[in-house]
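One-letter residues, chain by chain:
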Amino acid sequence: SRQLLSGVKMSSSNSFQKATNQHKPSPMAGMPISPVTLPRNEQPIILRYMYEGGAIGQGRLCNLLNDDGKAVTAKQIVQILSEDGVDFDTFYACAYESDESSGGWRPLESAPRYTNPFKKSDDGSNDEPVVFNIPSPEEDKIARRIDIKLFRRPKVPELRETVETIDSLHIEKLALHDESTNDAIEHTSDALMAISAAVPGGKLPIDGYFGIGILSPKTEQNVGTLWRSAYQLGASVLYTIGGRYRSSSSDTLNVPARIPLIELDEWNSFAEWAAPKAAVWVAIEMGGTPLSEFKHPRNAIYILGSEDHGVPKSVLRGCREVVSLDSEQYGSYNVAVAGSLVMYDRMMKQKNA
């Protein structure tokens, strides 16, 4: 073995990498270098603020120089935040309080907080002034920082309903009709998120919709009257099936210019592609469920027959519901009257539900 190794040039021990368990940290690890905006000996107060819905740990920072070194007033905080771009006509400030409670956000101004009191008051005073006692540099337990959260101001109540209440709160009438509030204000992205979060959300109510169609219409005057009633009673769409609608003097509102009117050559066209997918077809014809007992579907298309022949049996078989109109003497109504009665009944039952 020595003979074999003799011909091999041995490398210096320094050429081999020494084994080690020590890990050299990345220069990107750890806390970043913090910016210093003021000399260390001036001891500024840090204002950290956020908008409702945000995280205080990601809040913005401002420096507040305290001349007397003893206390900071709410007006000083509002002034500094205003200079940083906070719109106090839209938002009001709350400070994190922990001395009198286990922790919570206390408003810097008294209720009802409809308007900015610091804008109209010379000294920015409130009924209950908020003051922050600044700790000395030797007190290590309390940070020289004030945490602020910004909430959107509530809307001012309607003047006609709460004139006495507004007067008792010393709110000037000018605040209700201040034209300056209509001017466009450029908000920060955080402020826009807070404004969006203040809009009521949740599940949207489904009120439903309905349309009405007539098969092979014969009398233009009847169709015009039916369309006018449909518009007045909240219809969403109109159909003529097997006939064309011509403008009638009885349609004084020109309803086809206000809600969609779909003209079809035959019933199959309605059934195949023109009928709304989520709507129940309801035929208005004698022999069906009495209108007084009928429960209207949330979404419905009401089908009326022509004046002389009514709704054909083939169409009746295709409709899920058939509703008839009560009468004392004779069960057949004028087509415009029949449709108007059904639509009115739907409207009243929905209102009384």
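In this text the structure is predicted, and so the values were computed from the model without any measurement.

*Asks:* Give me the overall build of the chain: which residues, what numbers.
*Replies:* If you tally the helices and strands in the chain, you get nine helices and 13 strands. Counting only residues that meet the buried cut, the chain has 35% of its 353 residues in that class. In the chain, the share of contacts with a sequence separation of at least 24, taken over all contacts with a separation of at least 6, comes to 66%. With the model as given, the accessible surface of the chain reaches about 23,900 Å², and the carbon-plus-sulfur share is 50%.

*Asks:* Hey, could you go over the packing of aromatic side chains for me, with residue numbers and the actual values?
*Replies:* Each aromatic ring pair is summarised here by two numbers: the centre-to-centre distance and the angle between the ring planes. A complete count under the given rule lists eight aromatic pairs for this structure. When the centroid spacing of 5.0 Å and the interplanar angle of 90 degrees are considered together, the rings of Tyr239 and Phe270 count as edge-to-face. Taken together, the residues Tyr239 in strand β9 (residues 237-241) and Phe270 in helix α7 (residues 267-274) connect sequence positions 31 residues apart. Accessibility expressed as a relative area gives 0% for Phe270, which makes it buried. Ring-pair connections join several aromatic residues into one group, and the members of that group are Tyr239, Trp267, Phe270 and Trp281. Of note, Arg113 hangs over the ring of Tyr92, and the distance from its end group to the ring centre comes to 5.1 Å.

*Asks:* Mind laying out unusual backbone geometry, listing which residues take part and the relevant values?
*Replies:* A negative phi angle characterises most non-glycine residues, just as the trans form characterises most peptide bonds. Note that the residue after Ala111, namely Pro112, is joined by a cis bond; omega there is 10 degrees. Mapped onto the fold, Pro112 is located in the loop between β5 (104-107) and α3 (117-120). A positive phi is found at Arg113, a non-glycine position, where the angle reads about 65 degrees. Tracing the backbone shows Arg113 in the loop between β5 and α3. Non-glycine residue Ser216 carries a positive phi angle of around 45 degrees. Tracing the backbone through its elements, the reader meets Ser216 in the loop between β8 (209-215) and α6 (220-232).

*Asks:* Report on a nonpolar patch on the surface, specifying residues and quantitative values.
*Replies:* Taken together, the side chains of Tyr333, Val337 and Leu341 make up a nonpolar region of the molecular surface, amounting to roughly 220 Å² of accessible area. Along the chain, the position of Tyr333 falls in the loop between β13 (321-324) and α9 (335-352).

*Asks:* An account of the nonpolar core is requested, with residue identities and associated values reported.
*Replies:* Ranked by internal contacts, the top residues of the largest apolar core, which has 28 residues, are Ile77, Leu81, Leu108, Ile148 and Leu150. Residue assignment for this core shows that the elements contributing at least two residues are β1 (45-51), β2 (60-64), α2 (74-83), β4 (91-97), β7 (145-152) and α5 (189-197). If one sorts the elements of this core by residue count, α2 sits on top with five residues. When residues no more than four places from it in sequence are discounted, the contact partners of Leu81 are Leu47, Tyr49, Cys62, Val86, Phe88 and Ile148. Ala230, Val280, Ile284 and Tyr302 belong to the second-largest nonpolar core, a separate cluster that totals 27 residues.

*Asks:* So, α2: which residues are in play, and what are the values?
*Replies:* Buried within α2 are the following residues: Ala74, Ile77, Val78, Ile80 and Leu81. All buried residues of α2 project into a common sector of 165 degrees when viewed along the axis, lining one side. Gly85 occupies a position one or two residues after α2 and carries a positive phi of about 110 degrees.

Criteria and thresholds
- Residues numbered from 1 in each chain as written.
- Predicted model: local features only at pLDDT ≥ 70, side-chain atom pairs only at ≥ 80, totals over all residues.
- Heavy atoms only, no water.
- Helix = DSSP H or I, 4+ residues; strand = E, 2+ residues; numbered from the N terminus.
- Buried < 20%, exposed > 50% of the residue type's maximum accessible area, 1.4 Å probe, protein only.
- Contact = heavy atoms within 4.5 Å.
- Areas by Shrake-Rupley, 256 points an atom, 1.4 Å probe, with all protein chains shown as cover.
- Phe/Tyr/Trp six-rings, centres within 6.5 Å; stacked < 30°, edge-to-face > 60°.
- Lys NZ or Arg CZ within 6 Å of the ring centre and 35° of its normal.
- Patch = residues over 30% accessible without salt bridge, like charges linked within 9 Å, V, L, I, M, F, W, Y side chains within 5 Å.
- Salt bridge = Lys/Arg side-chain N within 4 Å of Asp/Glu carboxyl O.
- Core = buried A, V, L, I, M, F, W, Y, C linked by side-chain atoms within 4.5 Å.
- Arc of directions from axis to C-beta.

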